[in-house]
Amino acid sequence: GENVEQHPSTLSVQEGDSAVIKCTYSDSASNYFPWYKQELGKRPQLIIDIRSNVGEKKDQRIAVTLNKTAKHFSLHITETQPEDSAVYFCAASPLNNNDMRFGAGTRLTVKP
Amino acid sequence: GAGVSQSPSNKVTEKGKDVELRCDPISGHTALYWYRQSLGQGLEFLIYFQGNSAPDKSGLPSDRFSAERTGGSVSTLTIQRTQQEDSAVYLCASSRQGGETQYFGPGTRLLVL
């Protein structure tokens, strides 16, 4: 089955700086890569996802890049704000397959 | 439309008692997942239902844990003879089909005394 590793486990940045979280996966059949944000005491919520037919996707301050050859993908947050502070989870899955596995999470703290 | 709902939101029980946790997925979603999240930890996969197929129970930590999904909609996770280490938030998620975007419920916070 799929195995997803996520780094770093904790990340602290100054407001306005960029934050990068990286994930690697093991199953070359994986072709769907979502990112979830979980604020303290709340449910995980999808913030962005990417499918393997594209290498990069952007949505305002958030971008995700995918390198299928190296089997890794990254989340980039620019101009970070205190409200970006949360735990971020990456995941990988083959489409139409239940084998979606989550990374262990990254706790991001944005200091004002 | 309505999202994934779970009940109860909080449950306190005594060690050794059985508990039932309920999940109502988004209407029309064929896939349903249960996860466990201990304090400050990641998402531990427990079980997955897809349509009428046999569930994937590979994540259930022991035979005290079981789950059902009746009529392809509502699901119940049952923990028998609860132990203190079962204390966690139990999250349910649903998706249109397996491998697609999962939408999470608010979770049930279980505390076993």
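Here, the structure is the one placed above.
Residues numbered from 1 in each chain as written. Chains lettered and ligands numbered in written order. Predicted model: local features only at pLDDT ≥ 70, side-chain atom pairs only at ≥ 80, totals over all residues. Heavy atoms only, no water.

What follows is about the overall build of chain A. Along chain A, the regular secondary structure elements total zero helices and eleven strands. The secondary structure elements of chain A, listed N-terminal to C-terminal, are β-β-β-β-β-β-β-β-β-β-β. Compactness check: chain A gives a C-alpha radius of gyration of 13 Å against a globular reference of 13 Å for 112 residues, within 12% of the reference. Referenced to the eigenvectors of the C-alpha coordinate spread, the extents of chain A come out at roughly 40 × 25 × 20 Å. Considering only contacts within chain A whose residues lie at least 6 apart along the sequence, 54% involve residues at least 24 apart. Put simply, chain A shows about 5500 Å² of open surface, and 45% of that area lies on carbon and sulfur atoms. Here chain A carries 13 positive and 13 negative side-chain charges, and the mean point of each set is 3 Å from the other. (Helix = DSSP H or I, 4+ residues; strand = E, 2+ residues; numbered from the N terminus. Rg over C-alpha atoms; globule rule 2.2 N^0.38 Å. Contact = heavy atoms within 4.5 Å. Areas by Shrake-Rupley, 256 points an atom, 1.4 Å probe, with all protein chains shown as cover. Lys, Arg positive; Asp, Glu negative; His and termini not counted. Charge placed at Lys NZ, Arg CZ, Asp CG, Glu CD.)

Here we take up the packing of aromatic side chains. Geometry of an aromatic ring pair is reported as the spacing of the ring centres plus the angle between the planes. Applying the stated criterion to the full structure yields twelve aromatic pairs over all chains. Between F33 of chain A and F73 of chain A, the ring centres sit 4.9 Å apart and the planes meet at 50°, which makes this aromatic pair tilted. Residue F33 of chain A is found in strand β4 (residues 32-38), and its partner F73 of chain A is found in strand β8 (residues 72-77); the two are separated by 40 residues along the sequence. Across the pair, F73 of chain A and F33 of chain A agree in class, each one buried. Here Y35 of chain B and F104 of chain B contribute two aromatic rings whose centre-to-centre distance is 5.7 Å and whose plane-to-plane angle is 40°, an arrangement assigned as tilted. With Y35 of chain B in strand β4 (residues 31-37) and F104 of chain B in strand β9 (residues 103-104), this pair connects stretches of sequence that are 69 residues apart. Across the pair, exposure class does not vary: Y35 of chain B and F104 of chain B are buried alike. (Phe/Tyr/Trp six-rings, centres within 6.5 Å; stacked < 30°, edge-to-face > 60°. Buried < 20%, exposed > 50% of the residue type's maximum accessible area, 1.4 Å probe, protein only.)

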